[in-house]
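Given next are the chains, with one letter for each unit.
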Amino acid sequence: MADLERPERLQIMLTADELAALENWRFERRMPSRSAAVRELLRRGLHADGFLTAAQGAKSQDFGILPSSGIVDGGSGD
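Notes on the structure in this doc start here. Note that the structure is predicted; figures quoted are calculated from it, not measured.

## Concerning the overall build of the protein
Logical step 1: Each helix and strand counted, the protein has 2 helices and 0 strands in total.
Logical step 2: When the accessible area of the protein is evaluated, it comes to approximately 7,400 Å², of which 52% is carbon and sulfur surface.

## Section: the nonpolar core
A general trend in soluble globular proteins is that nonpolar side chains are found buried together.
Logical step 1: Residues Leu22, Trp25, Met31, Ala36 and Ala37 constitute the largest nonpolar core, which totals 5 residues.
Logical step 2: Going through the elements one at a time, helix H1 (16-28) and helix H2 (34-47) are the ones with two or more residues in this core.
Logical step 3: With sequence-adjacent residues up to four places away left out, alanine 37 is seen in contact with Leu22, Trp25, Arg26 and Met31.

## Here's the deal with the layout of surface pockets
Logical step 1: The calculated volume of the largest pocket comes to roughly 870 Å³.
Logical step 2: Around the largest pocket, the lining comprises 21 residues; the ones closest to its centre are Ile12, Leu14, Leu42, Phe63 and Ile65.
Logical step 3: Listed by contribution, the elements that provide at least two residues to the lining of the largest pocket are H1 and H2.
Logical step 4: Here the lining of the largest pocket takes 5 residues from H2, the largest share from any one element.
Logical step 5: Taken together, the residues that form the lining of the largest pocket break down as 17 nonpolar, 3 polar and 1 charged.
Logical step 6: If you add up the space inside the second largest pocket, you get close to 530 Å³.
Logical step 7: Along the walls of the second largest pocket sit 15 residues, with Leu10, Gln11, Ser35, Val38 and Arg39 positioned nearest its centre.
Logical step 8: When contributions to the lining of the second largest pocket are tallied by element, the ones reaching two or more residues are H1 and H2.

Cut-offs applied
- Residues numbered from 1 in each chain as written.
- Predicted model: local features only at pLDDT ≥ 70, side-chain atom pairs only at ≥ 80, totals over all residues.
- Heavy atoms only, no water.
- Helix = DSSP H or I, 4+ residues; strand = E, 2+ residues; numbered from the N terminus.
- Areas by Shrake-Rupley, 256 points an atom, 1.4 Å probe, with all protein chains shown as cover.
- Core = buried A, V, L, I, M, F, W, Y, C linked by side-chain atoms within 4.5 Å.
- Buried < 20%, exposed > 50% of the residue type's maximum accessible area, 1.4 Å probe, protein only.
- Contact = heavy atoms within 4.5 Å.
- 1 Å grid on protein atoms, 1.4 Å probe; cavity = no way out; pocket = protein on both sides within 12 Å on 5 of 7 lines; lining within 4 Å.
- Points joined across faces, edges and corners; volume = space filled by probe spheres on them.
- Nonpolar A, V, L, I, M, F, W, Y, C, P; charged D, E, K, R; others polar.

As structure tokens, this is what we get:
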């Protein structure tokens with residue numbers, strides 16, 4: 001098997017709404033693939049100021065990318 005440039009695989013599960021948000025973000029920025037979009041979002045997140053480490057005992061379900069209400073921008077709608 002040939003040596004891969006990125007030999008590690010990361011698999012994640014997304015809701016339909018989360019996948020739609022990722023795809024919309026990707027296409028708006030003309031990213032070449034989902035993988036490239038996810039890597040760019042990870043890069044941005046890791047460089048963001050104020051990143052907190054996960055609390056002891058945190059579960060995967062505690063880390064969604066969209067609020068459960070479906071509101072993406074967090075605006076009050078007023």
